[in-house]
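# Inside the fold
Residues per chain are reported as follows:
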Amino acid sequence: MEHYDAIVIGMGPGGEVAASRLLDAGLRVAIVERELIGGECAYWACIPSKTLLRPTEARAEADRAAGLARPVLDWPMLRDYRDSMIRHLDDAAQAEGYRKQGATVIKGAARLAGTGRIEVDGQHLSADHVILATGSTSVRPPIDGLDQVPVWTNREATTLTDIPGRALLIGGSAVGVELGQFLARMGTRVTLVQRADRLLDREDPRLGEIVADRLAADGIDVRLNTQARAARRESGDTVVQLDDGSSVRTDVVILGAGRRPRTTDLALDTVGVQPGGRGELAVDEHCKLTDGLWALGDVTGKALFTHVAKYQGRIVSDAILGRPRAADYTAVPRVVFAEPEIAAVGLTTAQARERGIDTVSTELDVAESIARPWTYETDPRGTLALTADRSQRTVVGAWAIAPQAGEWIHTAALAIRHQLPVEALADTIAQFPTFTEAYATAAGRLLRDL
Ligand SMILES: Cc1cc2nc3c(=O)[nH]c(=O)nc-3n(C[C@H](O)[C@H](O)[C@H](O)COP(=O)(O)OP(=O)(O)OC[C@H]3O[C@@H](n4cnc5c(N)ncnc54)[C@H](O)[C@@H]3O)c2cc1C
């Protein structure tokens, strides 16, 4: 049996970071991937969705910039570019790249076979360290008849070849909002069904309200407090029955109802590990499960983002390389790449209160406060909200909806992560005219109320 220093199972962004760092350090590494090296993110999630969203964003920005005529959106050209961005679903170059770095590359589904041992298609390998980076899969909600109608998960949605005439989106989180806006702006009649009483229901309620208005302005029919119950085919249409008694006729049902850690075929029982209630692998602060067994990325259920998977890849590789440090998730940015961008970081006001924090919050209309929204577009808009801990005088949470908010939210991420005093944020000189200037104004308001 071939023995390695480390075996990485699953080569999404998290597995890739861990494997590359271990290889760079000179370790003997085997990587195992059952589909494509690059994972969900590279082929069916972040990369294609952000590639698809960019032209509709640029067109909307052009519509709002003084003196610009509306650019023409060419779907076949966009589709071709998306295909090149997802490497035509071919990872041969990635496999070759890892071989050149010295890795043993195995394409196949791995399962554990006891401590420090794995099995792939009858081949047995052992290692000092086994890293589980197997990601997550789309949740299929219990809707009667769903098997009989056209259904897209994120995979079909991000690799679509034709724009559907009508779409029913299930789920009002980041995936639903991004896909809904993209399709609506490409001409699809979109209905978005959300079980909760607001969109982006893990964020501050006010953000959900603003986003619902924005989607309505795109012509999206947003149904809150609503669930799909049953689906059927009728005269060439798909008809989806909702729990409020109404029904929606559509061409396709798109699932954005959450994701579940992918652990089912891993034979975790052979190493005495049980997934948690949401299917997640509960790791410690070093992403360790047991001695020599590690997990990272979506499979840990921590925060299902590529940047978290990559961060955990650094945490695990550092621990294996003898430089252990505890993971800190206090300031993970959460960006929805809608237009305008939606970004949040740290605690919501409700979460802060649940933790017993005496909070002070402020919400700033950036168009009323700074110059950049006006130089940026003729109909300026944007909101920045900050929540502070009154006793510590530090910011604990922030959200923004405005152009490029996904870029400038990182000022708040730094402030939260490093517990910067609100005074420091208020006294920081930001370049004029940028959206970042909003922080000094918002922090100044917080100081007034602290
Ligand atoms: C539509 C959509 C858009 C998104 N956009 C963003 C975004 O803009 N920004 C962001 O940060 N996040 C985004 N995400 C989330 C992001 O895609 C995930 O958080 C990220 O892919 C997680 O990385 P990972 O390495 O944990 O797993 P994955 O990317 O899921 O990769 C896991 C890999 O493990 C392999 N694997 C599984 N089981 C086995 C096995 N037994 N043996 C061998 N290989 C196995 C899989 O084939 C896969 O390649 C988006 C998600 C979706 C659905």
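Structure report, in brief.

About the thresholds
- Residues numbered from 1 in each chain as written.
- Predicted model: local features only at pLDDT ≥ 70, side-chain atom pairs only at ≥ 80, totals over all residues.
- Heavy atoms only, no water.
- Helix = DSSP H or I, 4+ residues; strand = E, 2+ residues; numbered from the N terminus.
- Rg over C-alpha atoms; globule rule 2.2 N^0.38 Å.
- Buried < 20%, exposed > 50% of the residue type's maximum accessible area, 1.4 Å probe, protein only.
- Near = heavy atom within 4 Å.
- Polar contact = N/O pair within 3.5 Å; in protein donor to acceptor, adjacent residues only side chain to side chain.
- Areas by Shrake-Rupley, 256 points an atom, 1.4 Å probe, with all protein chains shown as cover.
- Nonpolar A, V, L, I, M, F, W, Y, C, P; charged D, E, K, R; others polar.
- Axes fitted to C-alpha atoms, helices over the stretch in contact; angles between N-to-C directions.
- Parallel < 35°, antiparallel > 145°, perpendicular 65-115°, else oblique.
- Left-handed = near helix turned anticlockwise from the far one by under 90°.
- Contact = heavy atoms within 4.5 Å.
- Phe/Tyr/Trp six-rings, centres within 6.5 Å; stacked < 30°, edge-to-face > 60°.
- Lys NZ or Arg CZ within 6 Å of the ring centre and 35° of its normal.
- 1 Å grid on protein atoms, 1.4 Å probe; cavity = no way out; pocket = protein on both sides within 12 Å on 5 of 7 lines; lining within 4 Å.
- Points joined across faces, edges and corners; volume = space filled by probe spheres on them.
- Disulfide = S-S within 2.5 Å.

## A look at the overall build of the protein
Across its full length, the protein carries 15 helices and 23 strands. Taking 22 Å as the expected radius of gyration for a compact globule of 450 residues, we find that the protein reaches 23 Å, a close match to that expectation. Across its three principal directions, the C-alpha atoms of the protein cover 65 × 65 × 40 Å. Classification of the 450 residues of the protein by burial places 53% in the buried group.

## Examining the site of the ligand
Around the ligand lies a shell of 38 residues, among which E33, K50, A110, D298 and T306 are the nearest. Within the backbone of F305, an N or O atom sits 3.2 Å from an oxygen atom of the ligand. Contact with the protein chains hides 93% of the accessible area of the ligand, taken as 1,000 Å² for the molecule alone. At the level of elements, α1 (13-24), β2 (29-33), α2 (39-44), α3 (46-64) and α9 (306-320) are the ones that each hand at least two residues to the shell around the ligand. When grouped by side-chain class, the residues that make up the shell around the ligand number 17 nonpolar, 13 polar and eight charged.

## Quick look at the packing of α3 against helix α4 (residues 75-85)
For the pair α3 and α4, the least separation of the axes is 9 Å and the interaxial angle reads 155°. One element, α3, and the other, α4, form an angle in the roughly antiparallel class. For the pair α3 and α4, the crossing hand works out as right-handed. From α3, I47, P48, T51, L52 and P55 reach across to α4, where they touch W75, L78, Y81, R82 and M85. Across the contact of α3 with α4, the residue classes tally to eight nonpolar, one polar and one charged.

## Some thoughts on the side chain of E40
You can see E40 is positioned in helix α2. Residue classification places E40 among the buried positions, given a relative accessible area of 16%. Within the local environment of E40, its side chain forms a polar contact with the side chain of R262, the two groups lying 3.4 Å apart.

## Topic: the packing of aromatic side chains
The tally for this structure, following the rule as stated, stands at six aromatic pairs. Taking the centre distance of 6.4 Å and the plane angle of 50° together, the rings of W75 and F182 count as tilted. Here F182 lies in helix α7 (residues 174-185) and W75 lies in helix α4, a separation of 107 residues in the sequence. Grouping residues by exposure puts W75 and F182 together as buried. With a centroid separation of 6.2 Å and 80° between ring planes, the pair formed by Y311 and Y329 is classed as edge-to-face. With Y311 in helix α9 and Y329 in the loop between α9 and β19 (334-336), this pair connects stretches of sequence that are 18 residues apart. We classify Y311 as buried; its relative accessible area is 13%. Stacked on the ring of Y4, the Lys or Arg R28 has its end atom at 4.7 Å from the ring centre. Seen from the ring of W44, R155 lies directly overhead, with NZ or CZ sitting 3.6 Å from the centre.

## Looking at the layout of surface pockets
Each pocket or cavity is described by its volume, and for the second largest pocket that value is around 210 Å³. Lining the second largest pocket are H307, V308, K310, Y311, R314, D328, Y329, T330, A331, V332, P333 and R417. The element contributing the most residues to the lining of the second largest pocket is α9, with five residues. Of the residues contributing to the lining of the second largest pocket, the split by class is six nonpolar, two polar and four charged.

## A closer look at empty space enclosed by the protein
Overall, the coordinates contain two cavities of 30 Å³ or more when judged by the stated rule. Roughly 40 Å³ of internal volume is contained in the largest cavity. For the largest cavity, the full set of lining residues is V177, Q181, V211, R214, L215, A338, E339, P340, I342 and I401. Elements that contribute at least two residues to the lining of the largest cavity include exactly α7 and α8 (205-217).

## Section: the environment of D147
In this structure, D147 sits in the loop between β7 (136-138) and β8 (151-152). Once the C-alpha coordinates of D147 and A231 are considered, the two residues, 84 residues apart in sequence, prove to be 8.6 Å apart.

## Digging into the state of the cysteines
Across all of its chains, the model carries zero disulfides by this definition. Of the cysteine sulfurs around C287, a residue in no disulfide, the closest is that of C41, at 18 Å.

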